[in-house]
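Here are the chains, one letter per residue:
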Amino acid sequence: MIQSLLAGCRWGAAGEGEAYAPANIALCKYWGKRDAVLNLPVTDSLSVSLGRLGTHCRIALSGRDDLYFLNGCEQAAGSAFASRLRVFLDHFRGSGRYRYRVDTTNTVATGAGFASSASGFAALVLALDALHGWDCDKSTLSSLARIGSGSACRSLWHGFVRWRAGVAADGSDCHACPLGREWSSLRIGLVSVCTDAKPVSSRAAMSRTVATSSLYRSWPQQVENDMTGLVAAIEGQDFDMLGMYAEQNALAMHATMIAAKPPVLYWKPGSIEEMEQVWKARTEGVPVYFTMDAGPNLKLLFEEQNQSKIQQWFPEMQVANPWRF
Ligand code: DP6
């Protein structure tokens, strides 16, 4: 698959490649794969990118072995970080059997529970493109990033991004594309509840849910409904509609995993406290909604004009502006 995506591309390797990609938060989640090797999803998904919160990546050829640096610190060859990158880079050794030095720097607070592999793989693919001079279009780079981590295919763009599930078995029609709509007042608040390593990776939770959760059967229908609502909310700039669909989609995703056997429950007591804060703020007239990924932390959705009010409810939150990058 990778070979066909890169067919006809040149493979220069001069100097280094450098790139930035934003992290992204799904408003309509990717949850379940139709192909686990190529990371082909069961359904479409829709995200908003986090502007200046993301990953800077520099890549150059190295001598004998790959070298990996994360936020300036060299990572042991056997570490989870190095292993995941090595497996991905094995697709890109070329006929020269290249070895790489990769420097990854995250601008999203490291260790706050939001470090995302999505921006990491997207930045890495962009940096590889620059290093080798492939000159690929963004759709191709999105498909390449998808093979590192599904959600990474949405981090190739700023703003709202839709990932089309496609139908082709080889994934040739499965990549993301920008929605082409802006919402300049929309903000994302990152609320950290727990920064411990996850007991179950999102990849394992996803496959367990598909294999064992009776609620997963209703997920494709849920996505279809929420996707229609979210796209209409974005077109009409209807904030309550956007928040309502995003929150319901996140809760429905968590319901599918809670019904898996054995269950996957990422929530901590603090997660529920923060959810209750959001609901309480809403009953008091503050327009704020949340979404959550495969972890205990919340991402709040609100509009700029309400930011100071919301900061009183959530004093520790870090604010991302998707439209400033
Ligand atoms: C809950 O993209 O991390 O964040 O493709 O196995 O690497 P892999 O999974 P990953 O899953 C993300 C799941 C999610 C929802 C989303 O981002 O759409």
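To keep things clear, this report deals only with the structure shown in the data block. The model shown is predicted, which means the values in this text are computed figures rather than measured ones.

1. With respect to the overall build of the chain
Looking only at helices and strands, the chain has nine helices and 13 strands in total. The C-alpha radius of gyration of the chain comes to 19 Å, within 12% of the 20 Å expected for a compact globule of 325 residues. C-alpha atoms of the chain, sized along the principal axes, occupy 60 × 40 × 40 Å. Residues classed as buried in the chain amount to 54% of the 325 residues present.

2. Overview of the environment of Cys177
Within the secondary structure, Cys177 is located in strand β9 (residues 176-178). Relative accessible area serves as the criterion here: at 26%, Cys177 is assigned to the partly exposed category. For the pair Cys177 and Phe160, spaced 17 residues apart in sequence, the C-alpha to C-alpha distance is 8.8 Å.

3. Points about the site of the ligand
The immediate surroundings of the ligand are formed by 17 residues, with Tyr30, Lys33, Ser149, Ser151 and Arg203 found nearest. The separation between an oxygen atom of the ligand and a polar side-chain atom of Ser202 is 3.4 Å. Within the complex, the protein chains bury 93% of what would otherwise be the 460 Å² of accessible surface of the ligand. Its residues assigned to classes, the shell around the ligand comprises six nonpolar, five polar and six charged.

4. Quick notes on the sheet that holds strand β13 (residues 318-320)
Ordered in space as β11-β12-β10-β13, the four strands form an open sheet in which the pairing is antiparallel. Each edge of the sheet is formed by a strand with only one pairing partner; in this case those strands are β11 (289-291) and β13. Taking the axes of each pair of neighbouring strands and ignoring which way they run, one obtains an average angle of 30 degrees across the sheet. Sheet topology note: the strand β10 (residues 186-191)/β13 ladder contains three bridges and is antiparallel. The residue bridging Leu190 from the neighbouring strand is Gln318, located in β13. Across the face of the sheet, helix α7 (residues 239-258) comes into contact with β10, β11 and β12 (298-303) while running at roughly 35 degrees to β11.

5. Some details on the pairing of strand β7 (residues 100-106)
Counting buried positions along β7 yields five of seven residues, so the element is predominantly enclosed. Direction of pairing for strand β4 (residues 45-61) relative to β7: antiparallel, over a ladder of seven bridges. Directly across from Thr55, in β7, lies its bridge partner Asn106.

6. As for the state of the cysteines
Note: disulfide means a covalent bond formed between the sulfur atoms of two cysteine side chains. Tallied over the entire structure, the rule returns zero disulfides. Take Cys28: it sits in no disulfide, and the sulfur closest to it among the cysteines is that of Cys153, at 13 Å.

7. What about the pairing of β12?
In terms of burial, β12 is largely enclosed, as six of its six residues are buried. Where β10 lies against β12, six bridges are found, and the strand directions are antiparallel. What sits directly across from Val191, in β12, is Leu298. Where β11 lies against β12, three bridges are found, and the strand directions are antiparallel. Its bridge partner being in β12, Phe290 is matched across the sheet by Leu300. Linking β11 to β12, which pair antiparallel, is a turn of six residues.

8. Here we look at the layout of surface pockets
Of the voids in this model, the second largest pocket is the one considered here, and its volume is about 210 Å³. Taken together, 14 residues make up the lining of the second largest pocket; nearest its centre are Val37, Val87, Phe88, His91 and Ile147. Counting only elements with at least two residues in the lining of the second largest pocket, the list comes to α1 (2-5), α2 (80-89) and α4 (138-148). For the lining of the second largest pocket, the element with the highest residue contribution is α2, accounting for three residues.

9. Re helix α3 (residues 117-132)
Compared with the 22 Å implied by 1.5 Å per residue over 16 residues, the 22 Å span of α3 between its first and last C-alpha is a close match. Taken across its 16 residues, α3 has 13 buried, putting it largely inside the fold. Of the residues flanking the end of α3, it is Gly133, one or two places downstream, whose phi is positive at about 70 degrees.

About the criteria used
- Residues numbered from 1 in each chain as written.
- Predicted model: local features only at pLDDT ≥ 70, side-chain atom pairs only at ≥ 80, totals over all residues.
- Heavy atoms only, no water.
- Helix = DSSP H or I, 4+ residues; strand = E, 2+ residues; numbered from the N terminus.
- Rg over C-alpha atoms; globule rule 2.2 N^0.38 Å.
- Buried < 20%, exposed > 50% of the residue type's maximum accessible area, 1.4 Å probe, protein only.
- Near = heavy atom within 4 Å.
- Polar contact = N/O pair within 3.5 Å; in protein donor to acceptor, adjacent residues only side chain to side chain.
- Areas by Shrake-Rupley, 256 points an atom, 1.4 Å probe, with all protein chains shown as cover.
- Nonpolar A, V, L, I, M, F, W, Y, C, P; charged D, E, K, R; others polar.
- Pairing = 2+ DSSP bridges.
- Axes fitted to C-alpha atoms, helices over the stretch in contact; angles between N-to-C directions.
- Contact = heavy atoms within 4.5 Å.
- Disulfide = S-S within 2.5 Å.
- 1 Å grid on protein atoms, 1.4 Å probe; cavity = no way out; pocket = protein on both sides within 12 Å on 5 of 7 lines; lining within 4 Å.
- Points joined across faces, edges and corners; volume = space filled by probe spheres on them.
- Expected span 1.5 Å × (residues − 1).

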